[in-house]
Amino acid sequence: MAITVQRLCEKSNYLYGMRVIAGEKGMKNIVQWVHAIEDSDASEFLHGGELIFTTGIAHQGNEWLLPFIKKLKEKEVTGLVINFGPYISEVSKEVQDYCSEIAFPLLEVPWKTRLVDITRDFCNQIIQSEQKEADIGKIFENLVFYPQDVEKYIPTLELNDFTRQANYCIVGVFVEIEQDNETIRGIIKLEIERRFYYYKEKIGCFTKGQEVFFVLCGYENTEIEAVIEQIQQMEISDSRIKKLYIGVGSNKVNLEDLSKNYNKTLSVLRLSIAKKNSPLFYDQFGMKKILLSVEETDVLEDYYKKKLGKLEVYDREHGTDYITFLKKYLEFDGSVQRLAEDTFVHRNTVNYQLNKIKKILGSEIGTLEERFEIMLSYQIKDIL
């Protein structure tokens, strides 16, 4: 499991005299590694997600600190630890206010603290956390693809607070980025993970191809929806992201049903990508859930073509839009008057078009069964 600034620093107050100066709201930022930097030019070599230590030895006065922090923020650094002493004796209110405004953790340790001790401790914690995260992610991946082995993994999961009885939800994410590379994908993945961590830290994660799946344990539906909204906003705020697609499975399952829930998540994620519509929630699909569960999509395609294929071909060849016209007619419960008012045409024109549609389809569209079959075809079209 990824480690946050807050968890990394849990024992640092009495071990190293560390305390938070500003940016408390960013304490759930995820830390990937630890670096000591004195020269702002060295920030060019950062990847993002680092917790930086500095003594200020390369500078005079305190005016350099705010530009230094702004440069670190641009490089998507997680936070800054200042070693208070002969080179940095105070932090201005302007710096503190800026860090609080952007939720950038600013911490201090006294000069007597040996930075080599604290950085070694933090690096060990990060390595252990990354190993645990990889192990948990692999367990969830195995549960998805080898559900028959669930009993083998339960003890390890419960030791890490992933209880058997809890609700589990899988969120699938596909990010289309401007310049595709693993480093950028890793940073975006961490940003998504950080947003989930703000609510709870019981997360597992695994990757299949370019799709990332987050397994959430014990999250409320309102929490999931809040995070999804934040993630979707990344498409607007992060210029590297061309398009972001999200598919959300059910949140009423246990570990034994994780494999089934993955299939639900995958189906709505693939639909989100195909329709360029995000986010999509499986539980909001109503009767379409039944159609999504059909693995042989060619059966659905054949059904649609049989019922509405002729009308679609006619529209394409003659520049008409009878497909939409018929759908409105059925949605208005077969009311010619309501359809005439909605389309701003005379009732006689509506009847003429309906007769034309009936002739093309070879159906009177009069019985409940005929209308149901056509409406079902429209539902199929929505998910193909």
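Structure: above.
Residues numbered from 1 in each chain as written. Predicted model: local features only at pLDDT ≥ 70, side-chain atom pairs only at ≥ 80, totals over all residues. Heavy atoms only, no water.

## Looking at the side chain of Arg 195
Next, step 1: Positionally, Arg 195 belongs in helix 7 (residues 182–197).
Next, step 2: Note on Arg 195: relative accessible area 15%, which makes it buried.
Next, step 3: Among the polar contacts listed, one links the side chain of Arg 195 to the backbone oxygen of Glu 191, at a separation of 2.9 Å.
Next, step 4: When sequence neighbours within four positions are dropped, the list of residues in contact with Arg 195 reads Val 227, Gln 230, Ile 231 and Met 234. (Helix = DSSP H or I, 4+ residues; strand = E, 2+ residues; numbered from the N terminus. Buried < 20%, exposed > 50% of the residue type's maximum accessible area, 1.4 Å probe, protein only. Polar contact = N/O pair within 3.5 Å; in protein donor to acceptor, adjacent residues only side chain to side chain. Contact = heavy atoms within 4.5 Å.)

## Comments concerning the packing of helix 5 (residues 115–145) against helix 6 (residues 150–159)
Relative orientation and spacing of two packed helices are given, respectively, by the angle between their axes and the distance between those axes.
Next, step 1: Two elements in contact, helix 5 and helix 6, have axes separated by 10 Å at closest approach and are oriented at 155°. Taken together, the axes of helix 5 and helix 6 lie roughly antiparallel to each other. Between helix 5 and helix 6 lies a crossing whose hand is left-handed. Here Ile 136, Ile 139, Phe 140, Asn 142 and Leu 143 of helix 5 lie close against helix 6, whose contacting residues are Val 150, Tyr 153, Thr 156 and Leu 157.
Next, step 2: A per-class count over the contact of helix 5 with helix 6 returns seven nonpolar, two polar and no charged. (Axes fitted to C-alpha atoms, helices over the stretch in contact; angles between N-to-C directions. Parallel < 35°, antiparallel > 145°, perpendicular 65-115°, else oblique. Left-handed = near helix turned anticlockwise from the far one by under 90°. Nonpolar A, V, L, I, M, F, W, Y, C, P; charged D, E, K, R; others polar.)

## With respect to helix 13 (residues 336–343)
Next, step 1: Within helix 13 the residues assigned to the buried category are Val 336, Leu 339 and Ala 340. For helix 13, the arc enclosing every buried residue in end-on projection is 100°, short of the 170-degree limit, so these residues lie on one face.
Next, step 2: Against the buried residues of helix 13 lie helix 12 (322–331) and helix 14 (347–361).
Next, step 3: Just past helix 13, the residue Phe 344 takes up positive phi, approximately 60°. (Arc of directions from axis to C-beta.)

## Brief notes about the sheet that holds strand 8 (residues 168–177)
Next, step 1: Here we have five strands laid out as an open sheet, ordered 9-10-8-11-12, and mixed in their pairing. The outermost strands of the open sheet, each flanked by one partner alone, are strand 9 (203–208) and strand 12 (280–281).
Next, step 2: When strand 8 meets strand 10 (residues 211–217), the two strands line up antiparallel, connected through seven bridges. Counted as the bridge partner of Phe 174 is Glu 211 from strand 10. (Pairing = 2+ DSSP bridges.)

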